[in-house]
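One letter stands for each residue in the lines below.
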2 protein chains.
Amino acid sequence: MKNRIITISREFGSGGRTIGKQVAGTLGIPCYDSELLQKIAEKSGFHQAYIKEAGEYAPGGFLSSAFSHCGTGPNNADYLWQIQYQLITELAEKGPCVIVGRCADYILRDTARCLRVFIHADMAFRAERIVKVYGEREESPQQRLKDKDKRRAAYHRFYTDMKWGHAQNYDITLNSGTLGIDTCVELICRLYQNDPQGADDLA
Amino acid sequence: MKNRIITISREFGSGGRTIGKQVAGTLGIPCYDSELLQKIAEKSGFHQAYIKEAGEYAPGGFLSSAFSHCGTGPNNADYLWQIQYQLITELAEKGPCVIVGRCADYILRDTARCLRVFIHADMAFRAERIVKVYGEREESPQQRLKDKDKRRAAYHRFYTDMKWGHAQNYDITLNSGTLGIDTCVELICRLYQNDPQGADDLA
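Values in this document were obtained by computation on a predicted structure and should not be read as measured data.

### Focus: the overall build of chain A
Within chain A one finds 9 helices and 5 strands. Helices (α) and strands (β) of chain A occur, in sequence order from the N terminus, as β-α-β-α-α-α-β-α-β-α-α-β-α-α. Burial statistics for chain A: of 203 residues in total, 54% are counted as buried. Across chain A, the fraction of contacts at a sequence separation of at least 24, relative to all contacts at a separation of at least 6, is 73%.

So this is what it looks like as structure tokens:
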């Protein structure tokens, strides 16, 4: 448990990914998100866009029908989960880093000292933000948010058996809508830097 | 909405009350907790110890049987809720302050600018703390914690229809067990002081 890792779970559109990148930039440590997807893709042979989708589908039940190749036994999503588990464990062993999403908090629960962060914001803030960042779509931003939240929560619940967004599962949860992205970045960096054991980990 | 209020909800034994008092001390603003109980007592004519108990019982269902004087219509708990609602609203109008518990976040949702905080910690941390702070009892500390958490959650849910401890209901939630009481105090003070609109409110 040498390295200290910042894991960021987040609601879609809350700016969690942006916050992760800015925190990593300030602390001078790597941030794994799309980079992690690429690594999973390389290792699994699956296409990156497919992995991105599968990462938000919980196997079992209607959500997974497109990804299950048969009714019983491990499916593609389970296979990806294994690769993801192994990769995240390896990355955390390499050195301090920020990992956005992918249940890293759960995966590293026994093998790394994690600062477990959850970022959320209200619907209005996130709706405005996803239109700005990802552009307009046929579906309303509200519908897109509901759909994404539902998938992420189901995925998280399936693999971790923990309730997504429950304060008790994290060291800190932040409302990026009311506090602002910059304040979230500042608080997370401060917590990381103030950790007496964590100081040696900084790159 | 002139004044800025810090509302602190907390799990029993997490140090939320201590954190509230220290935050208020640092910021030079009042903290209402046992003081608030006393005010409610004075206004309602009920005994203070009774009010403390009733504040954690949700009317309706088995929890409230001891406090209901009849099957229908408002009961004592409802009457106390009305007084509490009015008192908290008045206190928030008087000036910036910290209010611990009593659903203040919900009560002030439309009438004050609140920094909504939730403090929690894991069972082991809280069990050790309640024995240190409140002494040994016949019941195990774990049982006392479970019982208190259940009552607080039911009370909160009954009057606010919001789920207690859901990250989405707060601006910030903090794990006092992993972060430490002092760090929680520091972060809350920093958030309050950094608010550009809040600076004028400081006493």
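### Looking at the relation of the copies chain A and chain B
Under the fitted operation, chain A is carried onto chain B by 0.0 Å of movement along the axis and a turn of 180 degrees, and the coordinates agree to an RMSD of 0.0 Å. Both copies are brought into coincidence by an operation consistent with a two-fold rotation axis. The share of interface residues of chain A whose copies in chain B are also at the interface is 100%, consistent with both copies meeting through the same surface.

### Section: the nonpolar core
Counting residues in hydrophobic clusters, the biggest one holds 48 residues, and the most contacted among them are Ile6(A) and Ile6(B). Counting residues in each nonpolar core, the second largest holds 19 residues, with Tyr32(A), Ile88(A), Cys97(A) and Tyr155(A) among its members.

### Quick look at the interface of chain A and chain B
With 23 residues of chain A at the interface, the matching set in chain B holds 23 residues. Both sides together, the interface formed by chain A and chain B hides about 1,800 Å², and carbon and sulfur atoms give 50% of it. Summed over the shared surface of chain A and chain B, the result is 2 salt bridges. Of the charged contacts, one joins Glu186(B) and Arg190(A) as a salt bridge, the two residues approaching to 2.6 Å between their closest N and O atoms. Secondary structure elements with two or more residues in the side of chain A that touches chain B: β4 (113-120), β5 (172-175), α8 (176-179) and α9 (181-194) of chain A. Element by element, the count of residues in the side of chain A that touches chain B is highest for α9(A), at 6 residues. Residue composition of the side of chain A that touches chain B, by class: 9 nonpolar, 9 polar and 5 charged. Here 3 bridges tie β5(A) to strand β5 (residues 172-175) of chain B, and the two strands are oriented antiparallel to one another. Each residue of the ladder has a partner; that of Ile172(A), found in β5(B), is Leu174(B).

### Let's talk about helix α7 (residues 141-160) of chain A
All names here are of chain A. Between its first and last C-alpha atoms α7 spans 28 Å; for 20 residues at 1.5 Å apiece the expected length is 28 Å, and the two agree. Within the span of α7, buried status applies to Pro141, Arg144, Leu145, Asp149, Arg151, Arg152, Tyr155, His156, Tyr159 and Thr160. Down the axis of α7, the buried set is contained in an arc of 165 degrees. They therefore lie on one face. A positive phi of about 60 degrees marks Asp161, the residue just after α7.

### With respect to the sheet that holds strand β2 (residues 31-32) of chain B
Read across the sheet, 10 strands follow the order β2(A)-β3(A)-β1(A)-β4(A)-β5(A)-β5(B)-β4(B)-β1(B)-β3(B)-β2(B) without closing on themselves; strand pairing throughout is mixed. Both edges of this open sheet fall to β2 (31-32) of chain A together with β2 of chain B, since each of them pairs with a single strand only. Sheet topology places strand β1 (residues 4-10) of chain A next to strand β3 (residues 97-100) of chain A; 4 bridges connect them, and they run parallel. Residue pairing for β3(A): Thr7(A) is matched across the bridge by Ile99(A). In the packing of α9(A) onto the sheet, the strands contacted are β1, β4 and β5 of chain A together with β5 of chain B, and the crossing angle to β4(A) comes to about 165 degrees.

### A closer look at the packing of aromatic side chains
This model, assessed by the stated rule, comprises 16 aromatic pairs over all chains. Ring geometry for Trp81(A) against Tyr159(A): centres 4.3 Å apart, planes inclined by 10 degrees, an arrangement best described as stacked. With Trp81(A) in helix α4 (residues 76-94) and Tyr159(A) in helix α7, the pair connects residues that are 78 residues apart, well separated along the chain. Take Trp81(A) and Tyr159(A): they sit in the same class, and that class is buried. Between Phe12(B) and Tyr134(B), the ring centres sit 5.4 Å apart and the planes meet at 25 degrees, which makes this aromatic pair stacked. With Phe12(B) in the loop between β1 (4-10) and α1 (16-27) and Tyr134(B) in helix α6 (residues 123-134), this pair connects stretches of sequence that are 122 residues apart. Among the aromatic residues, ring-to-ring pairing joins Trp81(A), Tyr85(A), Tyr155(A), Phe158(A) and Tyr159(A) into one connected group.

Rules used in this analysis
- Here the residue numbers are simple positions, counted from 1 along each chain's written sequence.
- Just so you know, chain letters begin at A and ligand numbers begin at 1, following the order they were written in.
- A pLDDT threshold of at least 70 governs which residues receive local features in this predicted model, and a stricter bar of 80 or more applies before side-chain atom pairs are shown or counted, although totals over entire chains, interfaces and linings include all residues.
- Working from all heavy atoms in the structure, the side-chain values ignore hydrogens and water.
- Numbering of helices and strands starts at the N terminus; helices are DSSP runs of H or I of at least 4 residues and strands are runs of E of at least 2.
- The classification of residues rests on relative accessible area computed with a 1.4 Å probe and restricted to protein chains. Under 20% of the type maximum is buried, over 50% is exposed, and intermediate values are partly exposed.
- Any pair of residues with heavy atoms lying within 4.5 Å of one another is described as a contacting pair.
- When the copies are overlaid, the least-squares fit takes in C-alpha atoms only where the residue has pLDDT of at least 70 in both copies.
- By convention a nonpolar core is built from buried Ala, Val, Leu, Ile, Met, Phe, Trp, Tyr and Cys residues, the set being connected through side-chain atoms within 4.5 Å.
- Here the buried area means the combined drop in accessible surface, using a 1.4 Å probe, for two parts upon being joined, counting both sides.
- By salt bridge we mean one thing: a side-chain nitrogen of Lys or Arg within 4 Å of a carboxyl oxygen of Asp or Glu.
- Each residue is assigned to one class: nonpolar for Ala, Val, Leu, Ile, Met, Phe, Trp, Tyr, Cys and Pro, charged for Asp, Glu, Lys and Arg, and polar for all the others, Gly among them.
- At least two DSSP bridges between two strands are needed for those strands to be called paired.
- Here, expected helix span is obtained from the residue count minus one, scaled by 1.5 Å.
- Along the arc lie the directions from the helix axis toward the C-beta atoms.
- In this analysis an axis means a line fitted to C-alpha atoms, helices contributing only their contacting stretch, and an angle means the value between N-to-C directions, from 0 to 180 degrees.
- Pairing of aromatic rings covers Phe, Tyr and Trp, the last counted by its six-membered ring, and requires centre-to-centre distances within 6.5 Å; plane angles under 30 degrees mean stacked, over 60 mean edge-to-face, and any other angle means tilted.

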